[in-house]
Amino acid sequence: MTKLSVNINKLATLRNSRGGNQPNLITAAQDIEAFGAQGITIHPRPDERHIRYKDAHDLKKVVTTELNIEGNPIPKFIDLVLEVKPTQVTLVPDAEDAITSNAGWDTHKNKDFLADVIKTFKQHGIRTSIFVDPEVTMVKGAADTGTDHIELYTESYAKMFAAGEAEKGIQPYVDAAKIAHELGLGINAGHDLNLENIRFFKERIPHLLEVSIGHALICESIYLGLENVVSMYLHRLK
Ligand SMILES: CC(=O)[C@@H](O)[C@H](O)COP(=O)(O)O
Ligand SMILES: NCC(=O)COP(=O)(O)O
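Residues numbered from 1 in each chain as written. Chains lettered and ligands numbered in written order. Predicted model: local features only at pLDDT ≥ 70, side-chain atom pairs only at ≥ 80, totals over all residues.

## Some remarks on the site of ligand 1
The full set close to ligand 1 counts 14 residues, and Asn9, His43, Thr100, Ser101 and His191 are the nearest of them. The residue inventory of the shell around ligand 1, partitioned by class, reads 2 nonpolar, 10 polar and 2 charged. (Near = placed C-beta within 6 Å. Nonpolar A, V, L, I, M, F, W, Y, C, P; charged D, E, K, R; others polar.)

What follows is the structure, encoded as structure tokens:
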């Protein structure tokens, strides 16, 4: 089975755009779990433009499935993760000013750094995952860091799928997943997955343990909910 971990960053972006507490992240996370998702993902960035560090603490108190915290392991992030103790931490090499994650780790260049951080998290009982491009060499490097899982960065797959080149787009992921499994790594995936491209990805990637999906899932929720809500307003305005 592949678990769905819903990334609620976008709900935090919406909340922050207006001040106040709507949408309420705690209620949303509880509802998402009640609807069947098997995890909640958050990706706090240093400027706290969407998920705030306080949200991580608040969510930890209510999430009953798996809490996954993603981010670049700068000292402040490491402290947060050690305080909150989520089920899983996913290390992502994103620059402070990045609009969204845009690359996987160079697991060879960063091997010693990653191995140190991963050891610390594992000593505290936190499962580790590292964000990697679908390249066999990076997956092999990931195994050398001691991480439990990798998260395959799926943006290039999503782009190729949208361009009608799904077969070509999936192949590097099939190769990377095969090696990862042989090396004993758990396989997660995420970034730009959506209702259109998820089924093919799931069918073709063996041993896929978890996908984390945020941006598209929230957009799709808006589109799929609009008709209902507009008609509810019209009903009240009769
Ligand atoms: C690692 C990854 O792909 C996601 O965490 C993504 O970066 C979500 O973050 P945003 O919601 O800020 O785009
Ligand atoms: N790890 C990927 C994630 O959490 C969500 O990415 P996206 O669906 O917002 O692109």
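## Focus: the UniProt feature "site: Transition state stabilizer" (unreviewed entry) in the chain
Within the UniProt annotation, "site: Transition state stabilizer" (unreviewed entry) is assigned to Glu151. Here Glu151 is to be found in strand β6 (residues 149-153). Those residues in contact with Glu151 that sit more than four places away from it in its chain are Thr90, Ser129, Ile130, Phe131, Asn188, Ala189 and Gly190. (UniProt positions renumbered as here; feature names shortened; annotations may be inferred. Helix = DSSP H or I, 4+ residues; strand = E, 2+ residues; numbered from the N terminus. Contact = placed C-beta atoms within 7 Å.)

## Remarks on the UniProt feature "binding site: 3-amino-2-oxopropyl phosphate" (unreviewed entry) in the chain
Following the UniProt record, the feature "binding site: 3-amino-2-oxopropyl phosphate" (unreviewed entry) maps to Asn7, Arg18, Asp192, Gly214 and His215 here. With the annotated positions falling across 209 residues, the maximum pairwise C-alpha distance of 25.5 Å shows that they are not confined to a single cluster. Within the fold, Asp192 resides in the loop between β7 (186-190) and α9 (198-204). We classify Asp192 as buried; it has 20 C-beta atoms within 10 Å. Setting aside residues up to four positions removed in sequence, Asp192 forms contacts with Thr154, Glu155, Ala158 and Ala216. (Buried ≥ 20, exposed ≤ 12 C-beta atoms within 10 Å, placed from the backbone.)

## As for the nonpolar core
Ranked by size, the top nonpolar core spans 54 residues in total, and within it Ile40, Val132 and Ile150 carry the most contacts. Looking at which element gives the most residues to this core, the answer is helix α8 (residues 166-182), with 5 residues. If sequence neighbours within four positions are ignored, Ile150 has contacts with Ser129, Ile130, Val132, Val139, Ala142, Ala180, Leu185, Ile187 and Asn188. (Core = buried A, V, L, I, M, F, W, Y, C linked by C-beta atoms within 7 Å.)

## A few points about the environment of Ala29
Residue placement: Ala29 occurs in helix α2 (residues 25-34). Taking the number of C-beta atoms within 10 Å as the measure of exposure, Ala29 has 24 and is therefore buried. For Ala29 and Ile40, which are 11 residues apart along the polypeptide, the C-alpha to C-alpha distance reads 6.9 Å. In contact with Ala29, not counting residues within four places along its chain, are Ile8, Ile40, Leu59, Val62 and Val63.

## What about the packing of helix α5 (residues 111-123) against helix α6 (residues 136-145)?
In helix packing, the relevant descriptors are the interaxial angle and the interaxial distance, both defined with respect to the helix axes. In contact at an axis separation of 8 Å, α5 and α6 are set at 45° when each is read in the N-to-C sense. It follows from the interaxial angle that α5 and α6 lie oblique. Helix-helix and strand crossings are classified by hand; for α5 and α6 the assignment is right-handed. Between α5 and α6, the contacting residues are Lys111, Leu114, Ala115 and Ile118 on the first element and Gly141, Asp144 and Thr145 on the second. The class makeup of the residues in the contact of α5 with α6 is 3 nonpolar, 2 polar and 2 charged. (Axes fitted to C-alpha atoms, helices over the stretch in contact; angles between N-to-C directions. Parallel < 35°, antiparallel > 145°, perpendicular 65-115°, else oblique. Left-handed = near helix turned anticlockwise from the far one by under 90°.)

## Description of the environment of Thr107
As for its position among the elements, Thr107 is in the loop between β4 (88-91) and α5. Its 25 C-beta neighbours within 10 Å are what place Thr107 among the buried residues. Linking Thr107 and Leu209, residues 102 residues apart in sequence, is a C-alpha distance of 21 Å. Setting aside residues no more than four positions away along its own chain, Thr107 makes contact with Leu114, Val132, Met138, Gly141, Ala142 and Thr145.

## So, the sheet that holds strand β5 (residues 127-132)
Around the barrel, which closes on itself, the 8 strands sit in the order β1-β2-β3-β4-β5-β6-β7-β8 with parallel pairing between neighbours. If you compare each strand with its neighbour and ignore which way they point, the axes differ by 25° on average. When β5 meets β6, the two strands line up parallel, connected through 4 bridges. Bridging across to β6, Ile130 finds its partner in Ile150. Those strands touched by α5 are β4 and β5, and its axis lies near 150° from that of β5. (Pairing = 2+ DSSP bridges.)

## A look at the packing of helix α7 (residues 155-162) against α8
Taken N-terminus to C-terminus, the directions of α7 and α8 make an angle of 165°; their axes are 7 Å apart at the nearest point. Judged by the inter-axis angle, α7 sits roughly antiparallel to α8. Here α7 and α8 pass one another in a crossing that is left-handed. When α7 is examined against α8, the residues Ser156, Tyr157, Met160 and Phe161 are found in contact with a partner set consisting of Ala166, Lys168, Gly169, Ile170 and Tyr173. Across the contact of α7 with α8, the residue classes break down as 6 nonpolar, 2 polar and 1 charged.

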